[in-house]
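Tertiary structure, described
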Amino acid sequence: MAAGRTTVLGYPRIGQRRELKRATEAYWSGKIDATALLDTAASLRRQTWETLRDAGLDEIPSNTFSLYDQVLDHAVLVGAVPPRFRQLTGLDRYFAMARGVTGAPPLEMTKWFDTNYHYLVPELGPDTVFRLDEEHVKPVEEYHEAAALGLDTRPVLLGPLTFLLLAKPAPGAPEGFRPLDLLSPLLDVYADLLGRLADVGASWVQLDEPALAADRSPEELALLRAAYDRLGSSPRRPKLLVATYFGPIREALGVLAATPVDGLALDLVAGAEDATRVASAGLSRRRLVAGLVDGRNVWRTNLPQALAVAASLLGSVDELMVGTSCSLQHVPLDVSLETSLPEELRGRLAFARQKVDEVVLLGRALREGREQISDELAQAEAARTRRPPGTVDARVRARLAALGDGTPRGDYASRVRARSATNPLPLLPTTTIGSFPQTSEIRAARADLRHGRIDEATYKARMRAEIDKVIALQEDIGLDVLVHGEPERNDMVQYFAERLTGFACTESGWVQSYGTRYVRPPILYGDVARPEPITVEWTTYAQSRTTKPVKGMLTGPVTMLAWSFVRDDQSLAETARQVALALRDEIRDLEAAGIRHIQVDEPALRERLPLRSADQPEYLRWAVGAFRLATSGVADTTTIHSHMCYSEFGEIVDAIDALDADVVSVEAARSRMELVHDLARTGYRRGIGPGVYDIHSPRVPTVEEIEDALRLALAALDPAQLWVNPDCGLKTRRYEEVVPALRAMVEAARRVRATLHPAPAPAR
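To start, this report covers the structure provided alongside it. Just so you know, these numbers come straight off a predicted model, no measurement behind them. As a convention, each chain's residues are numbered from 1 in the sequence order in which they are written. Reporting in this predicted model follows two pLDDT cut-offs: at least 70 for local features of residues, and 80 or more for side-chain atom pairs to be given and counted; totals over whole chains, interfaces and linings ignore these cut-offs and use all residues. To get the side-chain values, all heavy atoms of the structure are used, and hydrogens and water are removed first.

**Brief notes about empty space enclosed by the protein**
Lining residues are those with an atom within 4 Å of a point, where the points come from a 1 Å grid over the protein atoms alone and group into cavities, where a 1.4 Å probe fits but cannot get out, or pockets, open sets with protein on both sides within 12 Å along at least five of seven lines. Grid points are joined across faces, edges and corners, and a volume is the space filled by probe spheres set on the points. Per the counting criterion, the structure on display carries nine cavities of 30 Å³ or more. One number sums up the size of the largest cavity: a volume of about 470 Å³. Secondary structure elements follow DSSP: runs of H or I of four or more residues count as helices, runs of E of two or more count as strands, with numbering from the N terminus. Those elements that provide at least two residues to the lining of the largest cavity are β14 (511-514), β15 (517-519) and β17 (551-555). Taken together, the residues that form the lining of the largest cavity break down as 12 nonpolar, 11 polar and six charged. Reported here for the second largest cavity is a volume of approximately 320 Å³. In terms of lining residues, the second largest cavity is bounded by 22 residues, among which Asn63, Thr64, Gln70, Val156 and Asp208 are the most central. For the lining of the second largest cavity, the elements supplying multiple residues, two or more each, are α3 (70-77), α5 (138-148) and β6 (154-158). Per-element tally for the lining of the second largest cavity: the top contributor is α3, with four residues. Polar here means any residue outside two lists: the nonpolar Ala, Val, Leu, Ile, Met, Phe, Trp, Tyr, Cys and Pro, and the charged Asp, Glu, Lys and Arg; Gly therefore counts as polar. Residues of the lining of the second largest cavity, tallied by class, amount to 10 nonpolar, eight polar and four charged.

**Things to note about the environment of Val666**
Positionally, Val666 belongs in strand β21 (residues 663-666). Note on classification: 1.4 Å probe, protein chains only; a residue is buried when its accessible area is under 20% of the maximum for its type, exposed when over 50%, partly exposed between these limits. Overall, Val666 belongs to the buried group, its relative accessible area being 1%. In this structure, the C-alpha to C-alpha distance between Val666 and Met644, residues 22 residues apart in sequence, is 4.8 Å.

**Concerning the pattern of salt bridges**
Every case where a carboxyl oxygen of Asp or Glu lies within 4 Å of a side-chain nitrogen of Lys or Arg is listed as a salt bridge. The final tally for this structure, using the stated rule, is 70 salt bridges. Across the pair Arg196 and Glu134 runs a salt bridge, and its minimum N-O distance is 2.8 Å. Separated by 62 residues along the polypeptide, Arg196 in helix α7 (residues 183-199) and Glu134 in the loop between β5 (123-124) and α5 bring together distant segments of the chain. Look at Arg196 and you get partly exposed, because its relative accessible area is 23%.

**Comments concerning the packing of aromatic side chains**
Note on aromatic pairs: the rings of Phe, Tyr and Trp (six-membered ring only in Trp) are paired at centre separations within 6.5 Å, and the planes decide the class, stacked below 30 degrees, edge-to-face beyond 60, tilted for the rest. Inspection of the entire model under this criterion finds 11 aromatic pairs. Judged by centre distance (5.2 Å) and plane angle (75 degrees), the rings of Tyr94 and Phe95 are edge-to-face. The pair formed by Tyr94 and Phe95 is uniform in burial state, with each residue classed as buried. Ring plane angle 85 degrees and centroid distance 5.2 Å describe the contact between Tyr619 and Trp622, whose orientation is recorded as edge-to-face. Of this pair, Tyr619 and Trp622 both sit in helix α22 (residues 616-631), three residues apart, which is roughly one turn of that helix. Taken individually, Tyr619 and Trp622 each receive the classification buried, so the pair is uniform in this respect. Between Arg287 and the ring centre of Trp204, over which it is positioned, the NZ or CZ distance is 3.9 Å. Think of it as a cone above the ring: NZ of Lys or CZ of Arg counts as a charge over the ring if it is within 6 Å of the ring centre and within 35 degrees of the ring normal.

**As for the side chain of His643**
Mapped onto the fold, His643 is located in strand β20 (residues 639-644). The exposure class of His643 is buried, given its relative accessible area of 3%. Side-chain atoms alone can form a polar contact between residues adjacent in sequence; in general such a contact is a pair of N or O atoms within 3.5 Å, and within protein one must be able to donate a hydrogen while the other accepts it. At a separation of 3.1 Å, a polar atom in the side chain of His643 contacts the side chain of Ser665. Setting aside residues no more than four positions away along its own chain, His643 makes contact with Ile433, Gln599, Val600, Asp601, Glu602, Pro603, Ser665, Val666, Asp727 and Cys728. In what follows, a contact means two residues having at least one pair of non-hydrogen atoms within 4.5 Å.

**Overview of the pairing of strand β22 (residues 687-690)**
Of the two faces of β22, the one holding Gly687 and Gly689 and the one holding Ile688 and Pro690 are both buried throughout. Here, a strand pair is defined by DSSP locating no fewer than two bridges between the strands. Pairing of β21 with β22, which is carried by four bridges, proceeds in the parallel orientation. Bridge pairing links Val664 to Ile688 in β22.

Next comes the structure, spelled out in structure tokens:
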């Protein structure tokens with residue numbers, strides 16, 4: 001058998017200096033034209049291919065680049081364009097599907113499996129007609145681009161089963177319709193595309209089927225078998241590599257092995273158990289790409305352990321390649337850019353560029369023998385096992401042991417009565433999720449402070465001036481519960497990570513969250529503690545500027561973990577409790593300072609839900625427990641809010657209830673209030689703020705649209721439960737969009753409120 005060739009399943013596409021973000025946003029604002037945007041995209045693709053070639057990879061993927069989202073790319077490629085966008089063409093249509101235009105709201109957006117990446121949800125109906133986008137057959141075009149550089153790449157496609165499982169029935173689709181019903185016509189398009197790729201010289205094509213890492217029904221597995229029987233039997237096709245990731249595929253391994261596909265790529269990090277199934281799966285004449293290098297976390301690979309797994313696979317397949325567990329788009333680009341991190345920590349890290357080197361080194365070990373790279377292995381192990389000072393905090397561990405699960409709150413009905421007596425609010429109270437636009441002036445002030453151009457006192461004065469403006473604006477608009485706008489915060493996770501022990505923050509560790517929204521996930525490497533209050537000064541200042549209540553804004557323990565790169569030397573449950581303890585201290589200080597509304601955001605609660613149902617109860621046990629540990633102990637007169645966004649919540653409605661938050665605000669605008677009905681069916685009786693308009697689109701909603709959304713929510717909710725808010729924070733929007741949207745929201749709430757409590761007749 002052949003062993004030791006190397007590859008990766010994908011690579012970051014944003015550019016070392018976020019060139020893609022800058023070019024795309026410049027195009028949207030009219031500062032550059034389409035040619036300039038596409039030239040930047042071509043340059044980034046070339047840089048990636050040349051980087052991977054020069055690193056020594058044997059096989060390089062193509063068609064992993066996207067201007068916005070790979071699922072959107074695939075929908076456009078196969079003709080899955082909803083009718084409301086068909087009058088548009090080219091980039092106008094593409095970005096309208098992502099961001100919306102007047103009269104055409106965008107596609108729904110949700111999380112890509114259990115990651116913090118967001119994809120755009122395809123809309124399919126019985127009248128959907130699949131056909132290749134003849135003007136722009138992207139996989140073929142990018143294969144040609146790479147070939148011009150002398151590279152024979154492996155085009156990557158989203159697999160047909162996963163594409164259909166990620167899709168939703170289009171609005172107006174008949175009851176009972178399922179996107180899976182369209183598998184046969186979709187396969188016609190795949191067969192055509194595979195033939196075209198074969199004609200231009202592609203020898204292998206990668207079809208990504210991450211949906212196989214989740215529970216799949218017998219019917220779905222039968223459709224998987226039928227799909228790859230059909231594609232594998234095509235007379236004109238490249239060799240097919242089916243790639244799965246984010247967990248074990250278990251029974252699907254045997255299903256794929258029974259089809260004519262030529263190779264499989266398995267995630268042997270999150271799906272390590274699949275390694276034991278390979279020998280009996282019948283892959284002796286196939287290629288296996290062993291995903292031994294973690295594509296989702298930033299720690300160095302345990303190379304001796306990875307080599308042991310690789311050795312156990314020898315003899316079970318015809319060709320054993322070394323690869324990454326998934327695409328490297330989920331990790332930052334290059335750790336060598338991080339010159340300010342402590343050396344003990346930096347030495348333990350491997351970003352995308354370093355992970356490619358690990359793949360190449362493992363391939364050399366398989367080809368040449370472990371003894372030939374013994375020095376490199378020894379150096380890597382010494383760096384991997386080094387621990388930075390302060391990794392363990394005995395005081396934190398002792399406090400958690402003494403605290404247990406915390407003090408339970410009073411029952412919800414008692415809390416409602418206590419708040420009604422001391423902090424009354426109108427029916428359908430209006431609020432926002434927390435952040436207001438981060439203007440260029442705010443970002444400039446932060447940069448000036450960071451580079452020493454202004455002192456701390458000057459910076460604080462500028463932030464207080466911004467808070468003054470935001471408070472005055474909210475009072476003018478007529479909101480009921482205000483926020484301070486978070487001008488001092490660079491990111492909802494990073495801001496707290498910078499002020500907690502056990503976290504480190506990067507300078508250039510950008511990762512794409514969606515579109516041009518990039519984040520720098522902190523690195524959680526040690527025990528977590530809060531040296532001093534974090535938000536109290538800003539929140540109490542805002543409260544001093546108004547007689548209306550102001551919410552304190554915190555990021556919850558699960559989200560702090562989900563949007564960080566988390567230590568791998570203790571359980572997630574224990575790490576979550578440490579973060580919860582720090583937040584508990586902050587909440588008690590906010591309450592002591594007179595803040596009576598405190599929001600603990602958990603947008604990542606659903607996204608971290610394990611893909612396998614058998615693993616979900618334990619996760620929800622510790623995730624809910626961490627939230628309750630953080631929020632328990634407050635007075636009945638304090639309202640605990642939480643916020644969740646852009647996930648499928650139907651599976652966790654019981655957990656949302658178990659959080660025991662007084663008010664939960666959720667994304668609901670793009671999904672037409674689906675969660676509201678899910679919660680109503682469970683008998684949920686706490687406050688709920690379903691987002692009444694989509695802040696991820698630049699379009700401003702009308703009063704009538706928001707009024708319709710509120711009435712849709714009230715069809716399932718008691719009016720006493722309903723809060724009125726946007727579906728997410730306003731940080732990424734401009735004031736020109738925010739102000740009219742919030743005015744429309746307040747007016748819509750006023751109109752609906754009037755129908756619930758008609759105004760008295762005027763005196764005669």
